[in-house]
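Secondary and tertiary structure notes
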Amino acid sequence: MKDVAARAGVGLKTVSRVVNGEAGVTADTERRVQEAIEALGFRRNDSARVLRKGRTASVGLVLEDLADPFYGPLSRAVEEVARAHGALLINGSSAEDPDREQELALALCARRVDGLIVIPAGADHRYLEPEMRAGIATVFVDRPAGRIDADVVLSDSFGGARAGVAHLIAHGHRRIGFIGDQPRIHTAVERLRGYRAAMEDAELAVDDAWVSLGSTEPRRVREALAAMLSGPNPVTAVFAGNNRVTVTAVRELAGREGPVAFVGFDDIELADLLGITVIAQDAAALGRTAAERLFRRLDGVDDAPARTVLDTVLIPRGSGEIPPAQEVSAQGRRPR
């Protein structure tokens, strides 16, 4: 800064004002300082700035999987809010591993991020209590924290699944399958609960063979789907618990003889062109709401932890409106 001040013929305070975007500098003086900065290749020392101000102007985001399309708009929304507050976003993925989540979250804390947004993989987040007491604002998104009180922003997984299954029931289906994620995951449990609630609302029994929770790996999903669609009491419709299940199920159903109705939780790319009925959640709104809550905390808001639930939307596109096979035959339609 001394070199910049000497070259521009100004004092150190003037250089500081220009670098930090503060008022009180004439346009001509600012131009001379900027020219000196460019000529000398000056870069602000953010580490020194942190020592003075006690803030790093950075926030961390712990995702489940950076490759999952659902997290793209969520991460982008967090980044946009962070940028509007002059902060840098640093993110990483837990790969749905609780130990990796803890390692990543604590590594971000060790780098003194001002706040954390976490999509939890684990069920016990007491490891974050010392960091939160030390002033690191923390907000959970998509799933609640385990064993601590903290802000959380969720989609209405229960209500969305209930509406999706009710939609299939309204189109004549009585045997409806459910394929979801692993049972330790909050969203999978809530969506299964919504499925069961819709079936109970319609006074329909649920055969254990119609429900499958587990890995979203394609092989597991294919096997679960094949089991539901075979045997003496096959399902006539399927509800998929998330986007990865939907992608595999749609590929499998495309090659089958006979109609099978389908609704998926989460919208996916090209779903509109493929005619896939979905329960859509707004991933960008999840990220934006969580980030706005985080920065309110950083601005000093000290109220009780809040639980925010965002609505989902049923989007009918054709696959969820297919009637049961017996009705198709009765109407003289060709099997699809």
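Residues numbered from 1 in each chain as written. Predicted model: local features only at pLDDT ≥ 70, side-chain atom pairs only at ≥ 80, totals over all residues. Heavy atoms only, no water.

As annotated in an unreviewed UniProt entry, the protein is LacI family DNA-binding transcriptional regulator from Streptomyces lavendulocolor.

The next subject is the packing of helix 2 (residues 12–19) against helix 3 (residues 27–40). Where helix 2 contacts helix 3, the two axes come as close as 10 Å, and the packing angle between them is 85°. As the angle between them shows, helix 2 and helix 3 are arranged roughly perpendicular. Where helix 2 abuts helix 3, its residues T14, V15, V18 and V19 lie against T29, E30, V33, Q34 and I37. Grouping the constituent residues of the contact of helix 2 with helix 3 by class yields five nonpolar, three polar and one charged. (Axes fitted to C-alpha atoms, helices over the stretch in contact; angles between N-to-C directions. Helix = DSSP H or I, 4+ residues; strand = E, 2+ residues; numbered from the N terminus. Parallel < 35°, antiparallel > 145°, perpendicular 65-115°, else oblique. Contact = heavy atoms within 4.5 Å. Nonpolar A, V, L, I, M, F, W, Y, C, P; charged D, E, K, R; others polar.)

Here we come to a nonpolar patch on the surface. A cluster of nonpolar side chains, namely L270, L273 and L274, defines an oily patch on the protein surface of about 350 Å² accessible area. For L273, the position within the fold is in helix 12 (residues 271–274). With relative accessibility at 70%, the residue L273 sits in the exposed group. (Patch = residues over 30% accessible without salt bridge, like charges linked within 9 Å, V, L, I, M, F, W, Y side chains within 5 Å. Areas by Shrake-Rupley, 256 points an atom, 1.4 Å probe, with all protein chains shown as cover. Salt bridge = Lys/Arg side-chain N within 4 Å of Asp/Glu carboxyl O. Buried < 20%, exposed > 50% of the residue type's maximum accessible area, 1.4 Å probe, protein only.)

Attention shifts here to the nonpolar core. Residues V165, I176, I179, Y195, M199 and F239 are the most contacted members of the largest nonpolar core, which totals 39 residues. Contributing elements (two or more residues each) for this core: helix 8 (157–170), strand 6 (176–180), helix 9 (186–201), helix 10 (218–228), strand 8 (237–240), helix 11 (243–254), strand 9 (261–265) and strand 10 (277–280). Membership of the second largest hydrophobic core comes to 26 residues, among which are A82, V139, A290 and L298. (Core = buried A, V, L, I, M, F, W, Y, C linked by side-chain atoms within 4.5 Å.)

The subject of this paragraph is the sheet that holds strand 7 (residues 211–213). Each strand in a sheet pairs with its neighbour through backbone hydrogen bonds, running either in the same direction (parallel) or in the opposite one (antiparallel). What the six strands build is an open sheet, ordered 7-6-8-9-10-12; its pairing is mixed. Two strands bound the open sheet, and with one partner strand each, they are strand 7 and strand 12 (313–315). Strand-to-strand twist of the sheet, defined as the mean angle between neighbouring strand axes without regard to direction, takes the value 15°. Where helix 9 meets the sheet, it contacts strand 6, strand 7 and strand 9, and its direction lies at approximately 170° from that of strand 6. The strands that helix 10 touches are strand 6, strand 7 and strand 8; relative to strand 6, the one it contacts most, it runs at about 165°. (Pairing = 2+ DSSP bridges.)

This brings us to the pairing of strand 2 (residues 88–93). Inspection of the sheet shows strand 1 (residues 58–63) paired to strand 2 by six bridges, in the parallel sense. Bridge assignment links G60 to a residue of strand 2, and that residue is I90. With helix 5 (residues 71–84) bridging strand 1 and its parallel neighbour strand 2, the resulting β-α-β unit is right-handed. (Right-handed = clockwise from strand over helix to strand, strands pointing away.)

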